[in-house]
Amino acid sequence: MVEVPSEKMSPATTPVFEPRIVALLCHYCAFAAADMAGVMRLQHSPNIRVIRLPCTGKLDILYLLRAFEEGADGVMVAGCEEGSCHFVKGNLVAKRRVNFTKGLVAQVGIDPERLRMYNLSSSMGPRWAEISREMIEHVRSLGPSHLRREK
Amino acid sequence: MIVAKQKPFETIYGMVAPNKRIMLAGCGSCVTVCFAGGEKEVGILASLLRMRAQKDRKDLDVVEATIKRQCDVEFIDELKPKLDGVEAILSIGCGAGVQYIAERFGKTIVLPGLDTTFLGVTEAMGVWTERCQGCGDCKLHLTAGVCPIARCSKSLLNGPCGGSMNGKCEVSADTPCGWQLIVDRMEALGILDRYEQITPANDWTASRDGGPRRIDREDLHEIK
Ligand code: SF4
Ligand code: SF4
């Protein structure tokens with residue numbers, strides 16, 4: 001696993017918050033897209049740590065909670081585009097679980113905006129690079145999670 | 001099955017917050033099936049409680065333990081080895097489970113995490129509805145297999161009342177009139193003549209009115 005520097009110093013010496021984001025990706029689409037992004041030499045940010053799921057239908061609410069509990073600043077789930085899940089309804093099930101979990105984490109003081117779901121197809125390498133950047137900037141703007149642990 | 005639902009999270013947190021170390025006990029039977037108090041719910045609730053405590057900068061250790069049934073001592077005793085330093089047990093079994101755990105562990109506070117609600121069925125994924133009130137004197141043979149006590153809002157034995165409209169109960173537009181269901185089913189079974197028979201006033205002593213109930217089967221007693 002790539003080590004993320006906890007707080008990088010920018011040239012102006014203002015500390016830049018480097019969010020730690022856990023990404024749960026479907027093997028058939030988002031994971032393949034991330035792989036393609038690599039082949040295309042698009043930079044993969046060390047802010048994002050990828051976990052491969054056989055399908056987002058395998059997404060468990062506990063995976064999301066565990067990530068937050070362990071101090072992730074953001075969690076993203078990425079599955080196939082709606083209507084093209086390899087297992088028909090996996091991504092729709094995941095969408096519900098993500099929405100349900102947003103309600104759960106809000107109860108314990110975690111901004112539900114730290115959790116996002118994306119949909120993309122396996123051929124969308126550049127799109128993966130784009131949503132990764134977008135998620136990193138989004139979480140950066142939210143600041144560190146209060147559960148974040150500095151190693 | 002016994003159907004229950006989790007209490008509001010803040011209520012649960014309020015109950016456990018004075019403690020530093022709790023056990024969160026799940027039950028592997030009814031409440032697992034209705035997604036209220038099984039192993040999965042233990043994992044989710046434990047995680048939420050820990051995160052909530054951290055928000056308050058409080059220490060809260062949550063020991064997770066799910067047993068097969070909380071209404072049999074053989075299983076409850078499996079919790080014993082995990083009780084070290086536990087100040088309170090939060091049970092997400094039904095009310096019977098909560099109480100039986102409390103009886104077994106006389107020196108530990110036991111708290112309920114669920115609201116135990118009814119005896120019912122899974123009508124669709126995520127939807128449970130009431131079917132029986134455990135009246136102790138089943139009348140389903142008189143009412144074409146539809147319970148007049150649990151499914152009529154007024155538990156009428158000779159219904160319907162004047163509030164039955166278009167198949168719905170006057171209590172709520174979402175509640176089917178129990179007596180409409182009875183009549184419809186009698187009709188479908190070709191036994192509508194039974195509807196003419198008046199059921200006399202009920203003796204409720206077999207129900208809760210007779211006090212806490214007990215069933216004692218000598219043939220099943222342990223041979224000492
Ligand atoms: S008549 Fe009594 S025992 Fe029978 S289903 Fe109704 S409540 Fe339950
Ligand atoms: S409307 Fe039907 S279910 Fe409701 S109280 Fe009257 S008889 Fe019972």
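It should be emphasised that the depicted structure is a prediction, and the values quoted were computed from it without experimental measurement. (Residues numbered from 1 in each chain as written. Chains lettered and ligands numbered in written order. Predicted model: local features only at pLDDT ≥ 70, side-chain atom pairs only at ≥ 80, totals over all residues. Heavy atoms only, no water.)

A word on the layout of surface pockets. Empty space left among the atoms is revealed by rolling a probe the size of a water molecule over them. The calculated volume of the largest pocket comes to roughly 1200 Å³. Ile-61 and Phe-100 of chain A together with Phe-35, Glu-41 and Trp-128 of chain B are, among the 35 residues lining the largest pocket, the residues nearest its centre. Of all elements in the fold, only α3 (90–107) of chain A together with β1 (2–6), α3 (39–55) and β6 (114–124) of chain B reach the threshold of two or more residues within the lining of the largest pocket. Grouping the amino acids of the lining of the largest pocket by side-chain chemistry returns 19 nonpolar, six polar and ten charged. (1 Å grid on protein atoms, 1.4 Å probe; cavity = no way out; pocket = protein on both sides within 12 Å on 5 of 7 lines; lining within 4 Å. Points joined across faces, edges and corners; volume = space filled by probe spheres on them. Helix = DSSP H or I, 4+ residues; strand = E, 2+ residues; numbered from the N terminus. Nonpolar A, V, L, I, M, F, W, Y, C, P; charged D, E, K, R; others polar.)

On to the site of ligand 2. All names here are of chain B. Surveying the vicinity of ligand 2 reveals 13 residues, the closest of which are Cys-152, Cys-161, Cys-169, Cys-177 and Gly-178. When atom positions are compared with the pocket grids, ligand 2 is found to occupy the largest cavity. Residue classes in the shell around ligand 2 are distributed as seven nonpolar, four polar and two charged. (Near = heavy atom within 4 Å. Sits in = over half its atoms within 2 Å of the grid points.)

Further remarks concern the sheet that holds strand β2 (residues 21–27) of chain B. Backbone hydrogen bonds are what pair the strands of a sheet, in a parallel or an antiparallel way. Residue and element names in this part refer to chain B. Sheet architecture is open: four strands sit in the order β3-β2-β4-β5, paired in parallel fashion. Edge positions in the sheet fall to β3 (61–67) and β5 (109–112), since each of these pairs with one other strand and no more. Strand-to-strand twist in this sheet, taken as the mean axis angle between neighbours without regard to direction, amounts to 25°. One ladder, built from seven bridges, connects β2 with β3; its direction is parallel. (Pairing = 2+ DSSP bridges. Axes fitted to C-alpha atoms, helices over the stretch in contact; angles between N-to-C directions.)

The subject of this paragraph is the site of ligand 1. Around ligand 1, the neighbouring residues are Cys-132, Gln-133, Gly-134, Cys-135, Cys-138, Lys-139, Leu-140 and Cys-147 of chain B. For the shell around ligand 1, the per-class residue count stands at five nonpolar, two polar and one charged.

Our next topic: the pairing of strand β6 (residues 115–119) of chain A. Residue and element names in this part refer to chain A. Taken together, the five bridges between strand β5 (residues 74–79) and β6 define a ladder with parallel strand orientation. Pairing of Val-77 across the sheet is with Met-117, part of β6. Taken together, β5, α3 and β6 form a β-α-β motif whose crossover is right-handed. (Right-handed = clockwise from strand over helix to strand, strands pointing away.)

Summary statistics for chain B give a mean pLDDT of 97 and a share of 100% for residues scoring 70 or more. Interface confidence in the predicted complex, given as ipTM, is 0.86; pTM for the same model is 0.91. (pLDDT = per-residue confidence, 0-100.)

Tracing the chain through its elements places Thr-56 of chain A in the loop between β4 (48–53) and α2 (61–69). Leave out the neighbours within four places in its chain, and Thr-56 of chain A touches Cys-26, Val-77, Ala-78, Gly-79, Gly-90, Asn-91 and Ala-94 of chain A. (Contact = heavy atoms within 4.5 Å.)

A few words on the environment of Arg-213 of chain B. Residues and elements named next belong to chain B. By secondary structure assignment, the location of Arg-213 is in the segment after α7 (178–189). Distance from Arg-213 to Asp-59, taken between C-alpha atoms, is 42 Å for residues 154 residues apart in sequence. When neighbours within four sequence positions are excluded, Arg-213 is seen to be in contact with Gly-134, Cys-135, Gly-136, Ala-206, Ser-207 and Arg-208. Here the side chain of Arg-213 touches Ala-206 through a polar contact of 3.2 Å, landing on its backbone oxygen. (Polar contact = N/O pair within 3.5 Å; in protein donor to acceptor, adjacent residues only side chain to side chain.)

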